[in-house]
Protein chains: 2
Amino acid sequence: MLRLVSRAARCWGARRAPPGPERAPWGGQHPMAVQRACLSSAAGTGAWPKDVGILALEVYFPAQYVEQEELEQYDGVEAGKYTRGLGQQQMGFCAAHEDINSLCLTVVQRLVERGHLSWDAIGRLEVGTETVIDKSKAVKTVLMQLFRDSGNTDVEGIDTTNACYGGTASLFNAAAWVESSAWDGRYAVVVCGDIAVYATGNARPTGGAGAIAMLVGPNAPLVLERGLRGTHMEHAYDFYKPDLASEYPVVDGQLSIQCYLRALDRCYAVYRRKAEGQWRQAGVQRPFTLDDFRFIIFHTPFCKLVQKSVGRLLLNDFLAAPNPDTAAGLYKGLQPFRGLKLEDTYTSKEVEKAFQTASQEIFNQKTKPSLLLSSRNGNMYTPSMYGCLASLLAQ
Amino acid sequence: MLRLVSRAARCWGARRAPPGPERAPWGGQHPMAVQRACLSSAAGTGAWPKDVGILALEVYFPAQYVEQEELEQYDGVEAGKYTRGLGQQQMGFCAAHEDINSLCLTVVQRLVERGHLSWDAIGRLEVGTETVIDKSKAVKTVLMQLFRDSGNTDVEGIDTTNACYGGTASLFNAAAWVESSAWDGRYAVVVCGDIAVYATGNARPTGGAGAIAMLVGPNAPLVLERGLRGTHMEHAYDFYKPDLASEYPVVDGQLSIQCYLRALDRCYAVYRRKAEGQWRQAGVQRPFTLDDFRFIIFHTPFCKLVQKSVGRLLLNDFLAAPNPDTAAGLYKGLQPFRGLKLEDTYTSKEVEKAFQTASQEIFNQKTKPSLLLSSRNGNMYTPSMYGCLASLLAQ
C-alpha cells in the first residue's frame, strides 16, 4: 500500500534519552522546509497532487516498562508464555501524570517544532484513538491549544474511533483531503494514540501505550499507492468497551484472532484483485503474490500473531495459485493442504504450523524488522502499525 | 456552502405516520436509479467528478415528545421560558427500546431500501455521533449487519466524534473521498445520530433525539460548493461529557453561547474571504454580504439562538461594510454600534437586540423555514443542521 520513494531521516523518540529539539536529526536542511514553498500552488486545480503520503512521523512511547519475563513470574504462568508464546519482550505503561491528551500533545508539538513548521502551515488535524476520556470533547480540540499563539483556528478534521482502526481511518481521510477540492495547500497532521490496559488475565501481557503523529501532504517520500486498498468491515463482539467507567476492554481472545485472520484474508483478496486489475490494464497477466511486496507490516496485537499472519498470507497465495509446485521450493510438502477452504482453517493448528514454517524466511526478511517497537513496548492500538513502519524505517 | 441544482423529492419520516417502503415518494423513476449506471466510469481518472454533494437524505426522530408548555409547568418556571425564551415547542425523546444503534440502523436501511439501492453500491459509510455507548466498537460496525446478505464488506469510513460537529466532519470526509483517488465509483453514506438528554436544570428543555442518513456522490442536486468553507476549532470546556458512566453532558450555558457566536464570526469571516477571493479571480470586486445567501441554516441548540445568530451575521456585515447607510434601509439607526469590535459584544444585550430587530426580515425569509424540526423535536446534536436542511427542502 505504501511505496517508498526515497529514504528520509525519521524522527524517532528513543526510550531512555529522547532527543530535545536542539538535537533534531533533520537539521536545517529538512526536505519539508524545501517543499513548503511549492505546496500552495497545487491546491484547487481540479487534479490530484503528486505522491500524496507521509512526509514525516514522530513517535512517543512511555519510559516505563515491565519485563515480560518478570510478568510471567508474577502471574505464576509457565516461563516463556508471554515471551516465546506471544513474542513480547517488554510492555510499556504510562506514568501517573500521562494521559491520552499528553501523549498526543507531545507528538504533535515535536512533529511541528522538529520539522521547523509554522502552526499556520497545518490545515487539517485528525486524531484516531479509542482511549476515550470524554464522550464528547475530542482530543483534537485539546491539541488546538498548540495553535493558539499562531491564531490559526481554520483547521479541519476531528477524532475518529473504532478499536485499532482509527489511525488508519484518519490517514485515509487526510490523504483524501489533500486530493480533494477542500485542500488549500496546507499540510494535514494525523495523530494516533492509545493506552492499552487489560484486566488481570490472559490479555494483560498484550498491553502497551504510545502515540504517533504523521505529516501528510504531496511530494512525500512514503506514498500511498492509488487504487490499491482492501477494506473488511464486519459486526463482531470480539473486542469492545461497553463498561464506560472502566479502562478495560471486554475481549474474546479466540474470536478476536479469527476476526483478525478473516479480515486479513479478505483485505488481501481485495488488494490482489485491484493490483491484478491495474496490471491487466498495463498488459500484464499474472497472479499477485507475496513476492511482489518488499515489506509487509501489520497491526500488531502481539508479535506472534503477526508471524502467523505471514503464514496466513502464504496460505492465501498457495490456495489461489493455479498449479503450485509442491515437490520443491516455497510450497514443498504442502500438497495435503491443497483442497482447503480459507474459512475452514481459522482454528487449525496444523495449517498454522505448516504455513508458518514455510513462510519463515519471508517473515524474517519482510516483516521481522518492523516488530522492534511492538515487541519492546507492546500494542499501542491505533499507532501500532505506524510503530511498525517507524521500526522498519529506523533500521 | 450548499448549492441547490434542482429540487428533488426528499424522503421524510412523518411524526405520526411514517411511510413504509411501499409508499416511498421517490417511486420507480428515482434519479439515483438513473445515475447509478454512470457512476463507476468517473472514478480513478485523476480529476474530481462533477457536482459532489447530497443525493438523498432520510430523517428519523422519535414518536414520543413533551410539550414545552407542559414542561414549563412541571419545572415550575415562568410561562414562556422554554417556548418564547428558547423558541422550542416540543421535545422528542426515545422510547425504552431505542438507542443510538437503532436510530442509525433505521435511517440507513430506509435510505437504501427507499432509494432502491443495492448494498453493494455503497463503498463508504461513516457515522458522526457523540452518543457513545461503547468506547471502542463503532456504531458503523453495527450498521454492517445491514450489508451481511450482500457480502459487501469493502466499505471504508468509521465513527467520528466531537460534540455536534461529527456529522459535518463525516460529510466533509465523504465528499473528499468521492473526489480522491480512493473513490471506486460507489456511493458514500453519511449518518448523523444522537440522543440529547440533560440533567434537571436549565439545559433540560434543549434536549432532543434523531438520526439522519445522507447519500453522497457526484451529480447531486445539493452540491457542496468547492473552495468555500470556513472552520473554527478551539479548545474550550463549554460542553463536554467527562462522566463516562452518565448520559448527561456538563454544560456551561453562557460560555457555550459565546463559543457558538465566536465560531460563527470566525467561520463567516473565513467564508467571506474565500468567496471574495473567488470573485476577484472572476473580476468582481465587492464585499460578500447576507444578500448573497439564498438560505442560511444553522446547527440549532435552540431556535432562539439561531435567530440571534442571523442578527450576529448582520453585525458582521455592518462592521465590515466600508460606509454603511445608517439613515435608511437595513442599517437604519445602527450608527451608535459603528465602532464596536466583535469580540467585545458577545454578552451585550443591546447589540443583540438591535441586530436581531434589524435582521428580522432576513431571518423570516432565509432561516425560519428551516426550523420546523428543531422547534418540534429539539436539538439532535450531530443531525441538527441536516434536520434544518430537510425542513427547508420539505416546504
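Quick caveat: nothing in here was measured; it's all calculated off a predicted structure.

What counts and what doesn't
Residues numbered from 1 in each chain as written. Chains lettered and ligands numbered in written order. Predicted model: local features only at pLDDT ≥ 70, side-chain atom pairs only at ≥ 80, totals over all residues. Heavy atoms only, no water. Contact = heavy atoms within 4.5 Å. Buried area = accessible area lost by both parts, 1.4 Å probe. Salt bridge = Lys/Arg side-chain N within 4 Å of Asp/Glu carboxyl O. Helix = DSSP H or I, 4+ residues; strand = E, 2+ residues; numbered from the N terminus. Nonpolar A, V, L, I, M, F, W, Y, C, P; charged D, E, K, R; others polar. Pairing = 2+ DSSP bridges. Axes fitted to C-alpha atoms, helices over the stretch in contact; angles between N-to-C directions. Parallel < 35°, antiparallel > 145°, perpendicular 65-115°, else oblique. UniProt positions renumbered as here; feature names shortened; annotations may be inferred. Domains from an automatic or database assignment. Buried < 20%, exposed > 50% of the residue type's maximum accessible area, 1.4 Å probe, protein only. Least-squares fit on C-alpha atoms with pLDDT ≥ 70 in both. Expected span 1.5 Å × (residues − 1).

1. What about the interface of chain B and chain A?
Here is step 1: Each partner contributes residues to the interface: chain B has 65 residues there, and chain A has 65 residues.
Here is step 2: With both chains or domains summed, chain B and chain A bury close to 5,200 Å², and 52% of this area falls on carbon and sulfur atoms.
Here is step 3: Three residues stand out in chain B for area buried against chain A, namely Trp48, Lys135 and His235 of chain B, and they jointly supply 15% of the buried area on that side.
Here is step 4: Inspection of the chain B/chain A interface yields 4 salt bridges.
Here is step 5: For lysine 274 of chain A, the salt bridge identified is with aspartate 154 of chain B, shortest N-O distance 3.8 Å.
Here is step 6: The set of elements that each furnish at least two residues to the side of chain B that touches chain A consists of β5 (122-128), α4 (139-143), β6 (159-161), α5 (166-179), β10 (239-240) and α6 (253-281) of chain B.
Here is step 7: Considering every element that reaches the side of chain B that touches chain A, the biggest residue donor is α5 of chain B, with 6 residues.
Here is step 8: Within the side of chain B that touches chain A, the residues separate by chemical class into 25 nonpolar, 20 polar and 20 charged.
Here is step 9: For strand β6 (residues 159-161) of chain A and β6 of chain B, the ladder comprises 3 bridges, and the chain directions are antiparallel. Paired with threonine 160 of chain A across the bridge in β6 of chain B is threonine 160 of chain B.

2. A word on the packing of helix α7 (residues 303-320) of chain A against helix α8 (residues 349-358) of chain A
For any two helices packed against each other, one specifies the inter-axial angle together with the distance between the axes.
Residues and elements named next belong to chain A.
Here is step 1: Viewed as axis vectors pointing N to C, α7 and α8 meet at an angle of 90°, and their least axial separation amounts to 8 Å. The angle between the axes of α7 and α8 places the two elements in the roughly perpendicular class. On α8, the residues touching Lys304, Gln307, Lys308, Gly311, Leu314, Leu315 and Phe318 of α7 are Lys349, Val351, Glu352, Phe355, Gln356 and Ala358.
Here is step 2: Looking at the contact of α7 with α8, its residues break down into 6 nonpolar, 3 polar and 4 charged.

3. Description of the UniProt feature "domain: Hydroxymethylglutaryl-coenzyme A synthase N-terminal" (unreviewed entry) in chain A
Here is step 1: Residues given the UniProt feature "domain: Hydroxymethylglutaryl-coenzyme A synthase N-terminal" (unreviewed entry) here are residues 48-221 of chain A.
Here is step 2: This span, residues 48-221 of chain A, is 24% helix and 26% strand, and a straight line between its end C-alpha atoms measures 17 Å.

4. Side note on the side chain of arginine 262 of chain B
Here is step 1: With respect to the helices and strands, the residue arginine 262 of chain B is situated in helix α6.
Here is step 2: Contact partners of arginine 262 of chain B, with chain neighbours within four places excluded, come to His232, Glu234 and Tyr346 of chain B.

5. As for the domain arrangement of chain A
Residue and element names in this part refer to chain A.
Here is step 1: The domain boundaries assigned to chain A delineate domain 1 (2-224) and domain 2 (243-293 + 299-366).
Here is step 2: Facing 12 residues of domain 1, the contacting portion of domain 2 comprises 10 residues.
Here is step 3: In total, domain 1 and domain 2 occlude about 890 Å² of area from one another, counting both sides; carbon and sulfur atoms represent 66% of this.
Here is step 4: At the surface where domain 1 touches domain 2, the tally comes to 0 salt bridges.
Here is step 5: Among the residues making up the side of domain 1 that touches domain 2, the classes are represented as 5 nonpolar, 4 polar and 3 charged.

6. Focus on the pattern of salt bridges
All names here are of chain A.
Here is step 1: Within this structure, the stated rule accounts for 30 salt bridges over all chains.
Here is step 2: We note a salt bridge from aspartate 184 to arginine 186, for which the minimum N-O separation is 3.0 Å.
Here is step 3: For aspartate 184, a relative accessible area of 31% translates into the label partly exposed.

7. A word on the relation of the copies chain B and chain A
Superposition of the two copies of the chain requires a rotation about an axis and a shift along the axis.
Here is step 1: For these two chains of identical sequence, chain B goes onto chain A by a turn of 180° and a shift of 0.0 Å along the axis, with RMSD 0.0 Å. The superposition of one copy onto the other is thereby described by a two-fold rotation axis.
Here is step 2: A shared interface surface links the copies, since 100% of the contact residues of chain B are contact residues in chain A too.

8. Some words on helix α5 (residues 166-179) of chain A
Here is step 1: Here α5 of chain A is 14 residues long and its end C-alpha atoms lie 20 Å apart, about the 20 Å a rise of 1.5 Å per residue gives.
Here is step 2: Counting buried residues along α5 of chain A, 14 of its 14 residues qualify, which places the element largely inside the surrounding structure.

9. Considerations on the UniProt feature "active site" (unreviewed entry) in chain A
Here is step 1: Here the UniProt feature "active site" (unreviewed entry) sits at Glu130, Cys164 and His299 of chain A.
Here is step 2: Within the element layout of this structure, glutamate 130 of chain A appears in the loop between β5 (122-128) and α4 (139-143).
Here is step 3: If near-sequence neighbours (up to four positions away) are discounted, glutamate 130 of chain A is found in contact with Thr161, Ala163, Cys164, Gly193, Asp194, Phe239, Lys241 and Tyr381 of chain A together with Lys135 and Ser136 of chain B.
Here is step 4: Residue placement: cysteine 164 of chain A occurs in the loop between β6 and α5.
Here is step 5: Excluding residues that lie within four positions of it along the chain, cysteine 164 of chain A makes contacts with Glu130, His299, Tyr381 and Thr382 of chain A.

10. Here we look at helix α7 (residues 303-320) of chain B
Here is step 1: Its 18 residues place the ends of α7 of chain B 26 Å apart at the C-alpha level, agreeing with the 26 Å of an ideal helix rising 1.5 Å per residue.
Here is step 2: Burial analysis of α7 of chain B places 14 of its 18 residues in the buried class, the great majority of the element.

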